[in-house]
Amino acid sequence: MVPDEVVPGQVVSDQVVSDQVVPDGLVPGRAVIDLVTLETAVDRAAVRYDRAGDQHYDVASALIKSIRGSDVDAAMHYLARMIVAGEDPRFIARRLVISASEDIGMGDPAALGVAVAAADAVQLIGMPEARINLAQAVVALALAPKSNAVITAVDAAIADVKAGKVGPVPPHLRDAHYAGAKKIGHGATYQYSHDDPRGVLPQQYAPDVIDGTDYYTPTRRGGEAAYADRVAAIRKILRDRK
């Protein structure tokens, strides 16, 4: 079996290159060959891809950026390069799962399920068959409507927390199950959302320090347009506390 990755000057054993493909003058077992020689011997081009070097990260980056840019053909090319080079399919799957939430998010919430299913398939059936599952995920993600509203929201919230905006939990939201909790006001004025026919009612949930802050700013691309309308309506109800 010929390796998917070839390093010039590599020592190739007779388990890798058989007598039939070793050119004259090279001894199977301890034959030092160069890239051109091996390409000629096996009649195919070697893929320039070093899993420990820049090519590993460059090609992986190009795959994700092609998906983000909705170029399904470029994305398929970079996936193929990673597969042919012998990249760990679990690494590819992890990158797709991240992309599903980072670059697609609520534009198509089902994209995350597609990516996770592909990752599960990699574990279940392995390569080479899992290449099909990875390719399906790449197509689905590349063609899905794009939104980075989710990552933008969580990073903005994290930035505020790190900046010290961590006020106390409003008393009505605090745990009221232990003895004496209500005597100190915990949960005393909490309103149960399901009691309102809308399923939402005017009530403060955030600490005072960030009350009224909009972290999630939905786009109007793909399925997120419906969420944009809904979040606007919900915020109006929540903040109408006259």
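Residues numbered from 1 in each chain as written. Predicted model: local features only at pLDDT ≥ 70, side-chain atom pairs only at ≥ 80, totals over all residues. Heavy atoms only, no water.

S.K.: Explain the overall build of the protein to me, and be specific about the residues and the numbers.
M.R.: Across its full length, the protein holds eight helices and two strands. Traced from its N-terminal end to its C-terminal end, the protein shows the element sequence β-β-α-α-α-α-α-α-α-α. The buried share of the protein, reckoned over its 242 residues, is 33%. Contacts in the protein between residues at least 24 apart in sequence constitute 58% of all its contacts with a sequence separation of at least 6. Just so you have it, the protein exposes about 14400 Å², and 57% of that area is on carbon and sulfur atoms. (Helix = DSSP H or I, 4+ residues; strand = E, 2+ residues; numbered from the N terminus. Buried < 20%, exposed > 50% of the residue type's maximum accessible area, 1.4 Å probe, protein only. Contact = heavy atoms within 4.5 Å. Areas by Shrake-Rupley, 256 points an atom, 1.4 Å probe, with all protein chains shown as cover.)

S.K.: Outline the confidence of the model for the protein, listing residues and values.
M.R.: In the predicted model, the protein carries a mean pLDDT of 85, and 75% of its residues have values of at least 70. Considering only residues more than four positions removed or in separate chains, one finds that residues 1-21, a stretch of pLDDT under 50, has 42 contacts. (pLDDT = per-residue confidence, 0-100.)

S.K.: Describe unusual backbone geometry, with residues and values.
M.R.: With omega at 10°, the peptide bond leading from M127 into P128 counts as cis. In this model, S70 sits at a positive phi of 65°, which is unusual for a non-glycine residue.

S.K.: Can you explain the nonpolar core? Please cite residues and give values.
M.R.: Counting 26 residues, the largest nonpolar core has L63, I67 and L96 as its most contacted members. The set of elements that each furnish at least two residues to this core consists of α2 (54-68), α3 (72-84), α4 (89-104), α5 (110-125) and α6 (130-143). Not counting residues up to four positions away in its chain, the partners in contact with I67 are A75, L96, S99, V138, L141, A142 and K146. (Core = buried A, V, L, I, M, F, W, Y, C linked by side-chain atoms within 4.5 Å.)

S.K.: Pulling in residues and values, what's your account of the packing of α3 against α6?
M.R.: The relative placement of two packed helices is expressed as an angle between their axes plus a distance between the axes. Put simply, α3 and α6 touch, their axes get as near as 9 Å, and they point 155° apart. Accordingly, the angle class assigned to the pair α3 and α6 is roughly antiparallel. Remark: the crossing between α3 and α6 carries right-handed chirality. Only R131, L134, A135, V138, V139, A142 and L143 of α6 make contact with α3, whose side of the interface consists of V72, A75, M76, L79 and I83. Residues belonging to the contact of α3 with α6 are distributed by class as follows: eleven nonpolar, no polar and one charged. (Axes fitted to C-alpha atoms, helices over the stretch in contact; angles between N-to-C directions. Parallel < 35°, antiparallel > 145°, perpendicular 65-115°, else oblique. Left-handed = near helix turned anticlockwise from the far one by under 90°. Nonpolar A, V, L, I, M, F, W, Y, C, P; charged D, E, K, R; others polar.)

S.K.: An account of the pattern of salt bridges is needed here, citing residue identities and associated values.
M.R.: Following the criterion strictly, the structure yields nine salt bridges and no others. With a closest N to O distance of 2.8 Å, R90 and D88 form a salt bridge. Measuring nitrogen to oxygen at the nearest pair gives 3.0 Å for the salt bridge that ties D196 to R198. (Salt bridge = Lys/Arg side-chain N within 4 Å of Asp/Glu carboxyl O.)

S.K.: Explain the environment of G113 residue by residue, including any values.
M.R.: Following the sequence through the fold, G113 ends up in helix α5. Separated by 24 residues in sequence, G113 and A137 have C-alpha atoms that sit 9.6 Å apart.

S.K.: Explain helix α8 (residues 224-238) to me, and be specific about the residues and the numbers.
M.R.: For α8, with 15 residues, the first-to-last C-alpha span of 21 Å sits near the 21 Å given by 1.5 Å per residue. Within the sequence span of α8, burial applies to E224, A228, V231, R235, I237 and L238. (Expected span 1.5 Å × (residues − 1).)

S.K.: How would you sum up the side chain of R235? Please name residues and give values.
M.R.: With respect to the helices, strands and loops of the structure, R235 is situated in helix α8. Setting aside its immediate chain neighbours within four residues, R235 contacts D214, Y215 and Y216.

S.K.: If you had to explain a nonpolar patch on the surface to someone new, which residues and values would you point to?
M.R.: Residues Y190, Y192 and Y205 make up a contiguous nonpolar surface patch of roughly 320 Å² in combined accessible area. When you line up the elements, Y192 lands in the loop between α7 (149-162) and α8. (Patch = residues over 30% accessible without salt bridge, like charges linked within 9 Å, V, L, I, M, F, W, Y side chains within 5 Å.)

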